[in-house]
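Tertiary structure, described
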Amino acid sequence: MSTATLPPAASDLTPPDPTDPRIYPPLTDAQIERMRAFGEPREFAAGAVVFEQGQRESPFFFLDAGAVRIVERGPEGRQLVHVDAGTFIGDIAMFTGAPAAVACEAVGPVVAHVLDREKLRRLVTSHADIGDLVLRALLARRDWMRAQHVGEIKLLGPAWSDETHRLRTFLERNQVPFSWYDTEACTESCALTDALSITADDFPVIISGENVYRRPDIDGVANCLGLRPDLSEDEPYDLAVIGAGPGGLGAAVYGASEGLSTVVFEGDSPGGQAGTSSKIENYLGFVTGVSGQELTKQATLQARKFGAVMTNPTAVTGIVCDAADLPKRITLNDGRTIKAWAVVIASGASYRKLPDIGCERFEGKGVYYAAGPMEAQQCQTSQVVIVGGGNSAGQAAIFLSEHVEHVHLVIRRPDLSATMSDYLIGRIHTSPTITLHTETEVVGVSGDDRPRSFTFRSPAGEREVAAAALFVMIGASPRTEWIDPTICVALDAKGFVTTGPSAKGHPLFATHWSGSRDPHLLETTRPGVFAVGDVRSGSVKRVASAVGEGAMAVSFVHAFLSEPAVGAARAAARG
């Protein structure tokens, strides 16, 4: 995501080098033959459109003969690059079903071998050397496009608008390339608003190619971006995963890679709470750390590479929990019912809100529950307040301290030792731009169209602190509001899903459970329904443990699917 900078004109564009092996890797004759084996031969006349910008399911193809040009439609329409035969044409969006970011035209007569999305997926999973080359090249091309502002969406809206913030958050967390133009600054945005006759009542506005969407809602944006693929309502999936945080993505990757037809439902954006983290430094294998956004991007691509179907925002409203009901039936907020033989609940948790001190009217325009680049940019010349003493609050404090004027970290405890990792505590104490306020609470907020100051209460009394934003990170509540524990799966006293021995010991176990065996370690009070990650009672609130639980759950799913009664039901369904 970039801000308030118009894309370069065609004369300023730095085109990709067709000889750069990172973007257009050379292929051996043997690789070419294997690639052709997955495609269908096609011929295109001179000037023909091979695929159009905005086209769904745009093809991937190997260019046997002739040449093509990649062009960008829209207000700044421009030719991007001329590509000769001997390489392949494609974009990473082909794995997701998202609309093509650019168009491709035949320069002269063209001969190509064309692969649809399923054949491309089979190619990259069955031939590791070609798969690595293809994925690295597609990612490199997308990096070039982002650097050159090619094919990106334009979002126009005022900085201190909750609607603008909601759309920015959704686009950023779904890895959609876009530039935001602050209409309050009225610099580059003025040229676009004047040219398209956009008024203040239209904001926020999204411009995608030649299409202009005024005051769009999240559902409309998701549909136009292809984030909601078609789902099978007749054929049951082997595995349905509810939630796309680390636990859900772990289950999706391992399930799909092990041959299970897998569908993932995410009610908001992939990544969960971890996806909002500016930097995760204690995740195994990442010595210098990894952002939650980058980890999410790689994990979602990995799941799709193996064939998992991901749809968002698509909220699950319930599981039909008849003990004898096979397959399971999952109801969605759009009225559809999807079937699956096994279910992994990974709906995660959400940050709690402060008691009623008037924060609600500033949500999305000064009160936030995540601290990423977008929020840092919003507050870069201001002081900010963070409430919370866990690792998420510590990571946010370190990150924001590098971008804003000053950070006030507020906790009710006398110190951080019981709730935060030692490496974060050390950095907080040594940072000149972070002040730790212990035994303190935020009890008030003042402002007009945005927050201007916050009231702190401590044993010394109350005082006002001028600040532009409040980041609330005070623990999490399980996202189980869609579960009816009396007829579905049992919850503990705090609303988390019980599993394994805890499920067996739950008062509702005898009512819910069928069969003679005990539940598997991550299985709920319903056979074939599992829970992983932050939504699970007794879970360790760490990214690594959630991913591990997702992988472990898949082994239990296999065990469940191999049970005689389930196998017989699956065989009967197949006819």
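The coordinates are above.
What counts, and at which threshold
- Residues numbered from 1 in each chain as written.
- Predicted model: local features only at pLDDT ≥ 70, side-chain atom pairs only at ≥ 80, totals over all residues.
- Heavy atoms only, no water.
- Helix = DSSP H or I, 4+ residues; strand = E, 2+ residues; numbered from the N terminus.
- Rg over C-alpha atoms; globule rule 2.2 N^0.38 Å.
- Contact = heavy atoms within 4.5 Å.
- Lys, Arg positive; Asp, Glu negative; His and termini not counted.
- Charge placed at Lys NZ, Arg CZ, Asp CG, Glu CD.
- Phe/Tyr/Trp six-rings, centres within 6.5 Å; stacked < 30°, edge-to-face > 60°.
- Buried < 20%, exposed > 50% of the residue type's maximum accessible area, 1.4 Å probe, protein only.
- Pairing = 2+ DSSP bridges.
- Right-handed = clockwise from strand over helix to strand, strands pointing away.
- Axes fitted to C-alpha atoms, helices over the stretch in contact; angles between N-to-C directions.
- Parallel < 35°, antiparallel > 145°, perpendicular 65-115°, else oblique.
- Polar contact = N/O pair within 3.5 Å; in protein donor to acceptor, adjacent residues only side chain to side chain.
- 1 Å grid on protein atoms, 1.4 Å probe; cavity = no way out; pocket = protein on both sides within 12 Å on 5 of 7 lines; lining within 4 Å.
- Points joined across faces, edges and corners; volume = space filled by probe spheres on them.
- Nonpolar A, V, L, I, M, F, W, Y, C, P; charged D, E, K, R; others polar.
- Salt bridge = Lys/Arg side-chain N within 4 Å of Asp/Glu carboxyl O.

A tally of regular secondary structure across the protein gives 15 helices and 30 strands. Whereas a compact globule of 575 residues would reach a radius of gyration of roughly 25 Å, the protein reaches 25 Å, a difference of no more than 12%. Projected onto its principal axes, the C-alpha positions of the protein cover 80 × 65 × 45 Å. Considering only residue pairs separated by 6 or more positions, the protein has 70% of its internal contacts joining residues 24 or more positions apart. Treating the 52 positive side-chain charges of the protein as one cloud and the 68 negative ones as another, the clouds have centres 4 Å apart.

Right, let's get into the packing of aromatic side chains. Tallied over the entire structure, the rule returns 4 aromatic pairs. Taking the centre distance of 5.5 Å and the plane angle of 40° together, the rings of tyrosine 368 and phenylalanine 471 count as tilted. Linking tyrosine 368 in strand S21 (residues 367–368) with phenylalanine 471 in strand S28 (residues 469–472), this pair joins segments that are 103 residues apart in sequence. Take tyrosine 368 and phenylalanine 471: they sit in the same class, and that class is buried.

With that settled, consider the pairing of strand S14 (residues 237–242). Most of S14 is tucked away: 6 of the 6 residues are buried. Where S14 and strand S19 (residues 337–345) come together, 5 bridges link them in parallel fashion. Each bridged residue has a counterpart across the sheet, and for leucine 239 the counterpart in S19 is alanine 342. Bridge count between S14 and strand S15 (residues 262–265): 4 bridges; the pairing is parallel. Following the sheet pairing, leucine 239 is matched in S15 by threonine 262. The β-α-β motif built from S14, the intervening helix H7 (residues 246–257) and the parallel element S15 has right-handed crossover chirality.

Remark: helix H1 (residues 29–37) packs on helix H3 (residues 128–147), axes separated minimally by 11 Å, with the N-to-C direction vectors making an angle of 85°. In terms of orientation, H1 lies roughly perpendicular with respect to H3. Contacts from Gln31, Arg34 and Met35 in H1 reach Asp129, Ile130, Leu133 and Val134 in H3.

Below, the discussion takes up the environment of glutamate 281. Tracing the backbone through its elements, the reader meets glutamate 281 in the loop between S15 and helix H8 (292–305). In this structure, the C-alpha to C-alpha distance between glutamate 281 and tyrosine 423, residues 142 residues apart in sequence, is 9.5 Å. Contacts of glutamate 281, omitting those with residues within four sequence positions, involve Phe286, Gly289, Tyr423 and Arg427. One polar contact links glutamate 281 to arginine 427, side chain to side chain, over a distance of 2.4 Å.

What follows covers empty space enclosed by the protein. Across all of its chains, the model carries 3 cavities of 30 Å³ or more by this definition. For the largest cavity, the calculated volume is near 240 Å³. For the largest cavity, the lining is made up of 19 residues, of which Ile70, Gly90, Val102, Arg141 and Met145 are closest to its centre. Going through the elements one at a time, strand S6 (78–84) and H3 are the ones with two or more residues in the lining of the largest cavity. Its residues assigned to classes, the lining of the largest cavity shows 15 nonpolar, 2 polar and 2 charged.

Quick look at the layout of surface pockets now. Of the volumes computed, that of the second largest pocket is approximately 1,000 Å³. Lining the second largest pocket are 37 residues, and of these Thr169, Arg173, Asp268, Tyr369 and Ala370 sit closest to its centre. The set of elements that each furnish at least two residues to the lining of the second largest pocket consists of helix H4 (162–173), H8, strand S20 (349–351), S21 and helix H9 (373–378). Looking at which element gives the most residues to the lining of the second largest pocket, the answer is H4, with 7 residues.

Turning our attention to the pattern of salt bridges. Scanning all chains against the criterion turns up 26 salt bridges. The salt bridge involving glutamate 294 is made with lysine 297; its shortest N-O contact spans 3.3 Å. On the criterion of helical spacing, the pair formed by glutamate 294 and lysine 297 is a turn pair, its members being 3 residues apart in helix H8. Looking at glutamate 294, the relative accessible area reads 31%, which means it is partly exposed. In this structure, the salt-bridge partner of aspartate 448 is arginine 452, at a minimum N-O distance of 3.1 Å. The class for arginine 452 is partly exposed, based on a relative accessible area of 42%. By sharing partners, the salt bridges in this structure join Glu52, Arg69, Arg73 and Glu105 into a single network.

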